[in-house]
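Residues per chain, in single letters:
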Amino acid sequence: LATSPKWSNWLWIALLAVLILGAYNLALDNKFVDWDDPTYVTENPYLNPANAENLNKLLGSVVSLNYHPLTMATLWWNAANSGIENARSYIAFNIFFHVINTALVFFFALVLSKRNTLIALVTALGFGLHPMHVESVAWVSERKDVLYVFFFLLACLAYLKPLEKGKFGLWWGLALIAFLLSCLSKAMAV
């Protein structure tokens with residue numbers, strides 16, 4: 001397990017995904033909550049109706065004293081595709097990104113541990129199932145957390161890639177782009 005073949009990493013990722021989906025499955029029945037969800041979704045005039053004109057306005061707007069246009073664009077996408085009456089699709093989006101983030105943590109830990117699969121698996125399992133992430137996954141307004149972490153982890157992986165391969169320009173450029181997208185998702189990325 002310490003140094004499993006590369007193909008087996010995808011089996012570990014699948015196991016992690018099943019565990020996370022099992023842990024967060026009940027969150028799909030959650031409703032919008034009165035703390036921030038009205039500002040971000042249910043009473044946001046740019047999401048009702050979710051049309052192109054409102055998207056353009058939304059991308060330049062400060063919402064709840066924050067400017068995070070990428071997060072708001074994903075909430076707009078949810079509103080355009082499933083409305084603002086039910087939180088299920090919003091939470092499913094968050095769960096999906098949390099599963100992807102857990103896989104990225106696995107690969108990030110794998111690189112940092114010099115390909116030790118056990119360390120990567122335990123690290124990803126701790127990240128994926130830690131109760132600290134429940135708020136970020138099960139609460140619609142915390143979309144910004146799962147989104148910024150996604151781009152932040154991509155930036156970290158892209159930053160480490162040239163250290164392995166020796167090709168600095170492209171990978172560091174990708175790291176910078178992913179970091180900027182992370183910042184546009186939540187200021188915490190800084």
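Please read these numbers as outputs of a predicted model, since none were measured by experiment.

K.L.:
For this particular structure, what's the right way to read the environment of Phe 168?
P.N.:
With respect to the secondary-structure elements, Phe 168 resides in helix H9 (residues 168–183). Linking Phe 168 and Ala 158, residues ten residues apart in sequence, is a C-alpha distance of 9.7 Å. When near neighbours in sequence (up to four residues on either side) are disregarded, Phe 168 contacts Pro 162 and Leu 163.

K.L.:
How do you make sense of the pattern of salt bridges when you look at a structure like this?
P.N.:
Think of it this way: side chains of opposite charge can pair up when their charged atoms draw near. In this structure the tally under the stated criterion is four salt bridges. Here Asp 29 ties to Arg 88 by a salt bridge, and the two come within 3.2 Å at their closest N and O atoms. Placement of the pair is Asp 29 in the loop between helix H1 (6–24) and helix H2 (37–42) and Arg 88 in helix H5 (residues 88–112), with a sequence separation of 59 residues. A salt bridge links Glu 53 to Lys 57; the nearest nitrogen and oxygen atoms lie 3.2 Å apart. Placement of both Glu 53 and Lys 57 in helix H3 (residues 52–59) is noted, with a separation of four residues, approximately one turn of the helix. Taking the relative accessible area as the measure of exposure, Lys 57 reaches 41% and is therefore partly exposed.

K.L.:
Would you mind going over a nonpolar patch on the surface with me for this structure?
P.N.:
Taken together, the side chains of Leu 15, Leu 19, Leu 125 and Leu 129 make up a nonpolar region of the molecular surface, amounting to roughly 300 Å² of accessible area. Put simply, the parts of the chain that give the nonpolar patch at least two residues each are H1 and helix H6 (117–129). Locating Leu 129 in the fold gives a position in helix H6.

K.L.:
Looking at this model, I keep getting lost on the state of the cysteines. Mind explaining?
P.N.:
Should the sulfur atoms of two cysteines be covalently bonded, the bond is a disulfide. Summed over the entire model, instances satisfying the criterion amount to zero disulfides. With no disulfide of its own, Cys 156 lies 12 Å from the sulfur of Cys 183, the closest cysteine sulfur. Exposure remark for Cys 156: the relative accessible area of 19% places this residue in the buried category.

K.L.:
Explain the packing of H1 against H6 here, please?
P.N.:
The description of two packed helices rests on the angle between their axes and on the distance between the axes. The interhelical angle for the contact between H1 and H6, taken along N-to-C directions, is 20°, at an axis separation of 10 Å. In terms of their interaxial angle, H1 and H6 are classed as roughly parallel. Here the hand of the crossing between H1 and H6 comes out right-handed. Together, Asn 9, Trp 12, Leu 16, Leu 19, Ile 20, Ala 23 and Tyr 24 of H1 and Thr 117, Leu 121, Ala 124, Leu 125, Gly 128 and Leu 129 of H6 make up the contact between the two elements. Considered class by class, the residues forming the contact of H1 with H6 number ten nonpolar, three polar and no charged.

K.L.:
Help me understand the packing of H1 against H5, please; the structure alone is not making it clear to me.
P.N.:
Two elements in contact, H1 and H5, have axes whose closest approach is 10 Å; the angle formed by their N-to-C orientations is 145°. Crossing of H1 against H5: the hand is right-handed. Here Asn 9, Trp 10, Trp 12, Ile 13, Leu 16, Ala 17, Ile 20, Leu 21 and Tyr 24 of H1 come into contact with H5, specifically with Ile 95, His 98, Val 99, Thr 102, Ala 103, Phe 106, Phe 107 and Leu 110. For the contact of H1 with H5, the residue count by class is 14 nonpolar, three polar and no charged.

Cut-offs applied
Residues numbered from 1 in each chain as written. Predicted model: local features only at pLDDT ≥ 70, side-chain atom pairs only at ≥ 80, totals over all residues. Heavy atoms only, no water. Helix = DSSP H or I, 4+ residues; strand = E, 2+ residues; numbered from the N terminus. Contact = heavy atoms within 4.5 Å. Salt bridge = Lys/Arg side-chain N within 4 Å of Asp/Glu carboxyl O. Buried < 20%, exposed > 50% of the residue type's maximum accessible area, 1.4 Å probe, protein only. Patch = residues over 30% accessible without salt bridge, like charges linked within 9 Å, V, L, I, M, F, W, Y side chains within 5 Å. Areas by Shrake-Rupley, 256 points an atom, 1.4 Å probe, with all protein chains shown as cover. Disulfide = S-S within 2.5 Å. Axes fitted to C-alpha atoms, helices over the stretch in contact; angles between N-to-C directions. Parallel < 35°, antiparallel > 145°, perpendicular 65-115°, else oblique. Left-handed = near helix turned anticlockwise from the far one by under 90°. Nonpolar A, V, L, I, M, F, W, Y, C, P; charged D, E, K, R; others polar.

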